[in-house]
Amino acid sequence: MATTTPVHPVDEVPPVRQLAAFGLQHVLAMYAGAVAVPLIVGGAMQLPAADLAYLITADLLVCGVATLIQCVGLWRFGVRLPIMQGCTFAAVSPMVLIGTTGGGLPAVYGSVIVAGLAIMLLAPVFGRLLRFFPPLVTGTVILIIGVSLLPVAGNWAAGGAGAQDFGAPKNLALAAFVLAVVLGVQRFAPVFLSRIAVLTGIAVGLAVAVPFGFTDFGGVGDADWVGISTPFHFGAPVFETSAVASMLVVALVTMTETAGDLIAVGELTGRKVAPRSLADGLRADGLSTVLGGVFNTFPYTAYAQNVGLVGMTRVRSRWVVATAGGILVLLGLLPKLGAVVAAVPAPVLGGAGLVMFGTVAASGLRTLAEVDFRGNHNLTVVAVSVAVGVLPVGVPTVYEKFPDWFQTVMNSGISAGCLTAIVLNLLFNHLPVKARSAVGGDPGGLPGGRGEQAVQQSREEIV
């Protein structure tokens, strides 16, 4: 009898009904973050409302295209894992500085295009660095990603940063209600419904929010039915040396963050990221960033909140996230649909975000559980890396007296913690050390330092 090769869960194609539900869930999880970058940059540059709306629709369109490239793959572009792409917050401060000091949007887009090309060229180099990401580093990075995202969920739950009623009990009550619905559905509902617990919680929360005046759909009527982003809408790109230099620093930061997210998804889905696939994923980031500069939007990276959603729902199919990319393309071409999604109030997203982002942190702890902490310095690596990564999250102004390039790197808790983990792992586990004793033991009584040796190896080498 002929036997069929089993399909990896990453490559499975669920039924259309499930694809649509799971995909919409991913869109709702990242939508607020996706539109935040154009809102912040456009607001800082005091763009008129029409231009601001144009930036948002262009962003959603390229978000969708970037996600499709990453999930489906195009030659050597795309990691072919369930990865959602969106604008990186690491580029916000440099872009605001470039746009408001005389260069305007053309100078922003010129620097973005150069940064995208640089990412594509550097992708193979980063791919060869995968051996410096053992479980000790990857688990620490995943933990930092989750912890650094929790304040975002907290701001949403309180009503959204800058809201007049920020912290009002009604906002937190709505967020707690959504959280309870998500947990209840996940625990007691049938399997399919439990996998869309976040979507169910958001839908129920929205149904409750409308009659209580948390939101309205007035903006839907004002939105256009069709909107198409054309290349260089705001003028031909301008390439200024200072702008390009600052955006190249951002490129290195986003590559570090994306590498951490790709490795995290590989852990969650059971398809470990190899050097070649890591390079392919980073190369897709670069291509998407170039497209962003051409189609009037910004640099792109993997979105960590959707990594948490993959871990929480245990739906590992990349075609689900590809469907989400298709939905984003529709939202970018049909602004009226985007206005409907934008009507979801922040507290509803906050209740769901607490579960998703907490799941990311818990996944990091699960990876660290595989690391040997006896008789070595691994605990120090984790402790210092988490401390450095959480520092700018807890004290956002801690580096404000430092140069701009330093702030660009260190104000991102993810990139700061990731770099720290890599450096400390090299220092304690890769550099040669003095002999422990005449019999080759280590301070913890493990002969030959097996704990240190094991953490230097990738999981594949250990097996």
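As a reminder, the structure under discussion sits directly above these lines.
Here's what I pulled together on the structure shown here. The structure presented is a predicted model; accordingly, all values stated were derived computationally and were not measured. (Residues numbered from 1 in each chain as written. Predicted model: local features only at pLDDT ≥ 70, side-chain atom pairs only at ≥ 80, totals over all residues. Heavy atoms only, no water.)

Turning next to the pattern of salt bridges. Per the stated rule, a full pass over the model turns up 6 salt bridges. Among the ionic pairs, K170 bridges to D165, the shortest N-O distance being 4.0 Å. Several salt bridges share partner residues, and in doing so they unite D11, R271 and R318 into one network. (Salt bridge = Lys/Arg side-chain N within 4 Å of Asp/Glu carboxyl O.)

The next subject is the side chain of T420. Turning to its location among the elements, T420 is positioned in helix α18 (residues 413–429). T420 gets classed as buried once you look at its relative accessible area, which sits at 15%. Excluding residues that lie within four positions of it along the chain, T420 makes contacts with V384, S385 and V388. (Helix = DSSP H or I, 4+ residues; strand = E, 2+ residues; numbered from the N terminus. Buried < 20%, exposed > 50% of the residue type's maximum accessible area, 1.4 Å probe, protein only. Contact = heavy atoms within 4.5 Å.)

Okay, the packing of helix α4 (residues 104–127) against helix α10 (residues 241–269) next. Here α4 crosses α10 at 45°, and the two axes come no closer than 8 Å. The angle between α4 and α10 places the two elements in the oblique class. Between α4 and α10 lies a crossing whose hand is right-handed. Contacts from A107, S111, V112, V114, A115, A118, I119, L122, A123 and F126 of α4 reach α10 at A243, V244, M247, L248, A251, L252, T254, M255 and T256. Among the residues making up the contact of α4 with α10, the classes are represented as 16 nonpolar, 3 polar and no charged. (Axes fitted to C-alpha atoms, helices over the stretch in contact; angles between N-to-C directions. Parallel < 35°, antiparallel > 145°, perpendicular 65-115°, else oblique. Left-handed = near helix turned anticlockwise from the far one by under 90°. Nonpolar A, V, L, I, M, F, W, Y, C, P; charged D, E, K, R; others polar.)

This part covers helix α16 (residues 378–394). Counted at 1.5 Å a residue, the expected span for α16 with its 17 residues is 24 Å, and the 24 Å between its end C-alpha atoms agrees. What α16 keeps buried is the set N378, V381, V382, S385, G389 and P392. (Expected span 1.5 Å × (residues − 1).)

A few words now on the nonpolar core. Of all hydrophobic cores here, the largest spans 111 residues; its most connected members are M95, V198, I202, M247, F298 and L328. The contact partners of M95, leaving out residues within four places of it in the chain, are V37, V41, V108, V112, M247, F298 and P299. In this structure, A361, V371, V381 and V382 belong to the second largest nonpolar core, which totals 8 residues. (Core = buried A, V, L, I, M, F, W, Y, C linked by side-chain atoms within 4.5 Å.)

Another point: the environment of G167. Along the polypeptide, G167 turns up in the loop between α5 (135–157) and α6 (169–188). For G167, a relative accessible area of 36% puts it in the partly exposed group. The spacing of G167 and P347 is 180 residues in sequence and 10.0 Å in space, taken between C-alpha atoms.

Given two aromatic rings, one states the distance between the centres and the angle between the planes to describe the pair. Counted by the stated rule, this structure contains 4 aromatic pairs. Ring geometry for Y54 and F234: centres 5.9 Å apart, planes at 90°, overall edge-to-face. One end of the pair, Y54, is in helix α2 (residues 49–72); the other, F234, is in the loop between α9 (218–222) and α10, and 180 residues separate them in sequence. Under the relative-accessibility criterion, Y54 is labelled buried at 15%. (Phe/Tyr/Trp six-rings, centres within 6.5 Å; stacked < 30°, edge-to-face > 60°.)

What follows deals with the side chain of Q18. Mapped onto the fold, Q18 is located in helix α1 (residues 16–44). You can call Q18 buried: its relative accessible area is 19%. Apart from residues no more than four positions distant in its own chain, Q18 is found in contact with G23 and F192.

Another aspect to go through is α4. In a regular helix each residue adds 1.5 Å, so 24 residues correspond to 34 Å; α4 covers 34 Å between its end C-alpha atoms and thus fits that length. Of all bends in α4, the biggest is about 40°, found at L121, and the proline P124 comes one to four residues later. Of all the 24 residues making up α4, 18 are buried; the element is thus mostly covered by neighbouring parts of the structure. (Bend = angle between axes of the 7 residues up to and from the residue.)

The backbone phi angle of W75 is positive, close to 55°, even though this residue is not glycine. As for its placement among the helices and strands, W75 is situated in the loop between α2 and β1 (85–87). What makes W75 exposed here is its relative accessible area of 69%. Phi at N296 is positive, roughly 65°, even though this residue is not glycine. Locating N296 in the fold gives a position in the loop between α11 (275–294) and β2 (300–302).

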